[in-house]
2 protein chains.
Amino acid sequence: MSQQQQQQQEAVNGVSSRGKVLTLDTINPNVKRVEYAVRGPIVQRAVQLEKELREGANKPFTEVIRANIGDAHAMGQKPITFFRQVLALCSYPELLKENTFPEDAKSRARRLLQACGGGSIGAYSASQGIECIRQDVARYIERRDGGISSNPDNIYLSTGASDAIVTMLKLLVSGEGRTRTGVMISIPQYPLYSAALADLGAVQINYYLNEDNCWSLDVAELRRSVTEARQHCNPRVLCIINPGNPTGQVQSRQCIEEVIRFAKEEHLFLMADEVYQDNVYKDNKFHSFKKVLFEMGPEYSNTVELASFHSTSKCYMGECGLRGGYMEVINLDPDVKAQLTKLVSVSLCSPVLGQIMMDLVVNHPQPDEPSYSTFMKERTEVLTALAEKAALTEQIFNTTPGIKCNPVQGAMYTFPRISLPQKAIDKAKEGGQIPDMYYCMRLLEEEGICLVPGSGFGQREGTFHFRMTILPRTEKLKIVLQKICAFHKKFTEEFS
Amino acid sequence: MSQQQQQQQEAVNGVSSRGKVLTLDTINPNVKRVEYAVRGPIVQRAVQLEKELREGANKPFTEVIRANIGDAHAMGQKPITFFRQVLALCSYPELLKENTFPEDAKSRARRLLQACGGGSIGAYSASQGIECIRQDVARYIERRDGGISSNPDNIYLSTGASDAIVTMLKLLVSGEGRTRTGVMISIPQYPLYSAALADLGAVQINYYLNEDNCWSLDVAELRRSVTEARQHCNPRVLCIINPGNPTGQVQSRQCIEEVIRFAKEEHLFLMADEVYQDNVYKDNKFHSFKKVLFEMGPEYSNTVELASFHSTSKCYMGECGLRGGYMEVINLDPDVKAQLTKLVSVSLCSPVLGQIMMDLVVNHPQPDEPSYSTFMKERTEVLTALAEKAALTEQIFNTTPGIKCNPVQGAMYTFPRISLPQKAIDKAKEGGQIPDMYYCMRLLEEEGICLVPGSGFGQREGTFHFRMTILPRTEKLKIVLQKICAFHKKFTEEFS
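This one's a predicted model, so the numbers in the text were calculated from it and none came from an experiment. (Residues numbered from 1 in each chain as written. Chains lettered and ligands numbered in written order. Predicted model: local features only at pLDDT ≥ 70, side-chain atom pairs only at ≥ 80, totals over all residues.)

This part covers the overall build of chain A. Helix and strand content of chain A: 18 helices and 14 strands. Counting only residues that meet the buried cut, chain A has 54% of its 496 residues in that class. Long-range pairs, those at least 24 residues apart, make up 70% of the contacts in chain A with a sequence separation of at least 6. (Helix = DSSP H or I, 4+ residues; strand = E, 2+ residues; numbered from the N terminus. Buried ≥ 20, exposed ≤ 12 C-beta atoms within 10 Å, placed from the backbone. Contact = placed C-beta atoms within 7 Å.)

Residue and element names in this part refer to chain B. Close contact between helix H15 (residues 372–397) and helix H18 (residues 474–494) brings their axes to 10 Å; oriented N to C, the two are set at 20°. Between H15 and H18, the angle is such that the two are roughly parallel. Of the two possible hands of crossing, H15 and H18 adopt the one that is right-handed. Across the interface between the two elements, Ala385, Glu388, Lys389, Leu392, Thr393, Ile396 and Phe397 of H15 pack against Thr474, Leu477, Lys478, Leu481, Gln482 and Cys485 of H18. Looking at the contact of H15 with H18 residue by residue, the class counts come to 7 nonpolar, 3 polar and 3 charged. (Axes fitted to C-alpha atoms, helices over the stretch in contact; angles between N-to-C directions. Parallel < 35°, antiparallel > 145°, perpendicular 65-115°, else oblique. Left-handed = near helix turned anticlockwise from the far one by under 90°. Nonpolar A, V, L, I, M, F, W, Y, C, P; charged D, E, K, R; others polar.)

All names here are of chain B. Tracing the backbone shows Glu446 in helix H17 (residues 435–447). Each C-alpha atom of the pair Glu446 and His232 lies 45 Å from the other, and the pair is 214 residues apart in sequence. Apart from residues lying up to four places away in sequence, Glu446 is in contact with Pro60 and Phe487.

Glancing now at helix H18 (residues 474–494) of chain A. All names here are of chain A. Here H18 contains 21 residues, and its C-alpha end-to-end distance of 30 Å stays within 8% of the 30 Å for a straight helix at 1.5 Å per residue. When H18 is considered as a whole, its buried residues turn out to be Leu477, Val480, Leu481, Ile484, His488 and Phe491. Taken down its axis, H18 places every buried residue within 100° of arc, on the same side. Summarising the geometry of H18, the exposed residues directed more than 90 degrees from the buried face are Glu475, Ala486, Glu493 and Glu494. (Expected span 1.5 Å × (residues − 1). Arc of directions from axis to C-beta.)

All names here are of chain B. A large share of strand E5 (residues 234–241) lies buried, amounting to 7 of its 8 residues. Where strand E3 (residues 181–187) and E5 come together, 4 bridges link them in parallel fashion. Across the sheet, the residue bridging to Met184 is Leu238, located in E5. Summarising the sheet, E5 and strand E6 (residues 269–273) pair through 5 bridges and their orientation is parallel. Each residue of the ladder has a partner; that of Ile241, found in E6, is Asp273. Handedness of the crossover joining E5 and E6 through helix H10 (residues 253–265) is recorded here as right-handed. (Pairing = 2+ DSSP bridges. Right-handed = clockwise from strand over helix to strand, strands pointing away.)

Below, the discussion takes up unusual backbone geometry. A:Asn245 connects to A:Pro246 through a cis peptide bond whose omega is 10°. Residue B:Pro188 is bonded to the preceding B:Ile187 through a cis peptide linkage, with omega at 0°. Position of B:Pro188 relative to the elements: it lies in the loop between E3 and helix H8 (192–200). A positive phi is found at A:Cys214, a non-glycine position, where the angle reads about 55°. You can see A:Cys214 is positioned in the loop between strand E4 (203–208) and helix H9 (219–229). Taking the C-beta count within 10 Å as the criterion, A:Cys214 has 16 such neighbours and is therefore assigned partly exposed.

Given below as structure tokens:
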């Protein structure tokens, strides 16, 4: 019933039948427009299937494999021992008195506790984050970027990277109609971006990555996209994900330089989502936007506004549940920075244990410390396995006709293109489903494998994909890949 | 420089002088309107003063006492041992093998870890929160409310209560101009509400608490307020804070019933901020809105939409840094609930250790468990001391002419009214300051005591107040109260 019909009915029946205050007709319309595929209908069905399995239902599979989300620990990856020791010590400082823990874990915990109000992780921190952690983050960035200086005042600790990305977008969105802020995002994209833009009522401007060239970013395409967008909105922001999610490409230094030049020419605020900065495989190398910006000289480093994001959730640690992250802002107007600081203060502070995890990531054990060798062993194991799995994924998928998979250069996903028979496309449309959603739903029902359809990330019209994480253990991943290939053959035959 | 002037200058100078993308002129105007007094200028000055003291500056005080925010651990309150033991066990499950911890802490940790993906707090949880924790919350609510049933599907775990409050408001705000959603909030209010409404561009509708009657809520005032508001917006939400922040009143059952009746009559969605539900002193008793709603019978319990909020940050545990909380929704339209679930999924999940802390709060040690006696002792100590301090605060303040303090019936703040001499008011205005801000700034500079001016919470025109927490340890609190009284006398004399 529409709001109007409802009001008419109210007039007839009197006040008591007014129904609910909050309905689909009266809800914030921006919220209705929000979509978030990586936790969408397919995942809800996966949860149901798991429940049915637990209750003894007979299925063609014995477990649901969740390859829909970059959730390393859920897929069996073990946490880094040192990180968790420090968390435990900070949570229950009585443990500092015992001999269970190595000295470096204890001294790290003591230092972090000293920086907490009343020496407790239960106190609020400063809204921008604990000062000594922001200092550690700045020093990490300096080491990462070959000595280019980083100011702790430019660091904001956040509740995962998502929180900081949404906050930064919120500052940037203004205007109405043709002056409404436009935000350029890659297609395929990580759906946090489209969701946040819908929520904020901003204009989403799509630029397409070049699938034929390993999902590379092409400045000519950026230019096409911004030029078209200027007809109907005010493009002010360019978002980049590097290493790429869901597409797994790693940008070359040259490409980043071109993007920065483009941002300056077109007067765009740069947002660099760099949460996979340690997830880079084979001969690829991660270059931070900050570093390239400063190497381009003062004409750029003094002018281009940049926010870069990092997180505890990805890389080799995979500590998603801690909700830790940081953002570094460059060339932000001081008045805007004051507004940012005010805005983050409304949510008081990000979780203190997430902040502490972020500290451990940027300030891990050093060669002269007792935990160093274990730490290095654990980290190397994870990263080596990921590199192997990245190669394996590309290799196995590309043996199957109808699946075409770019190299996984970085991050933890593959986004292969799938050819769907016209009859399957028709069948999906008859059922009111997007074809790749139909494909993924069938895969889930028949093989118990949970992927996200490419339509959840965006793809060129008429092409179909899915996103899959490479996080299952190597032996399991092999089986999953083989099952998907076999399913694809069967599915293709069924509709031929 | 305005945007227009800037554009003109650009036209003259060419592109390179365009200046920044993001400035005070181009920032999201709603963000500019956000204010958040409990972390505002006075707190920033307090941080500076602390730094100056550390660097050896000579001040009329040796430490800054932060009585501006309800941050128990920062004021020296000790965490509950059992809670922290379980946190440590969950963070570093190797500890389960040792004999350091009581069995009930271990079994609690094992159960919670089992509910985590891959048995790790590093995995994302379901966006609504870990299922067994939502079940525990529902059972807690049932016990609290004398058996009235609670459905775990109606529980959403959140990043503190603030996060859930903002999410719920976001769903509720729609319309433009005269149809824009209006949200009724008490004056004085907790500034999260005004900040969130500014951010969302909703209309803030003020209703005044009755200071002359212990800050009670008067339905006639609600009616006046909503009637006036209907002239210029669409009032759809009524927010209540009980026990009150900053005003410390506890609502009677009778009052809650009247509020619910009013909400039904006026077709308002009820938001009950009940984060201080354990902070109730002397002969006062906490009644939850949920309980009263259901006791009023199906005419109300089947129709009135209610969201109630709780947090790990207050009560006897004071675990602010964990950022744990929950919301229970009643009579939410199922389609709206689906939208809510979708919306919270965009931020993936609330911090898992915050969820675990929330579980421990709602599911604390029982009489037959080894940790029970220590737990009860620790909890009782905190609550007894708070009750003492509540009484002490009222008593000491009311001995001073010009300070008038209502009883602190609950929560952890006092909001006394201060009489300011006209000359002081004039002096403040000359300096462009709000008079109670001037007063609090002087108190900070001269005594090192950090309070929040009443203007940050709202107050009736021409009256002045401040908010102070009652969290300092009893002996220290006495000194603080006496110092404030002495300052008030001195200040009054200076301007007489």
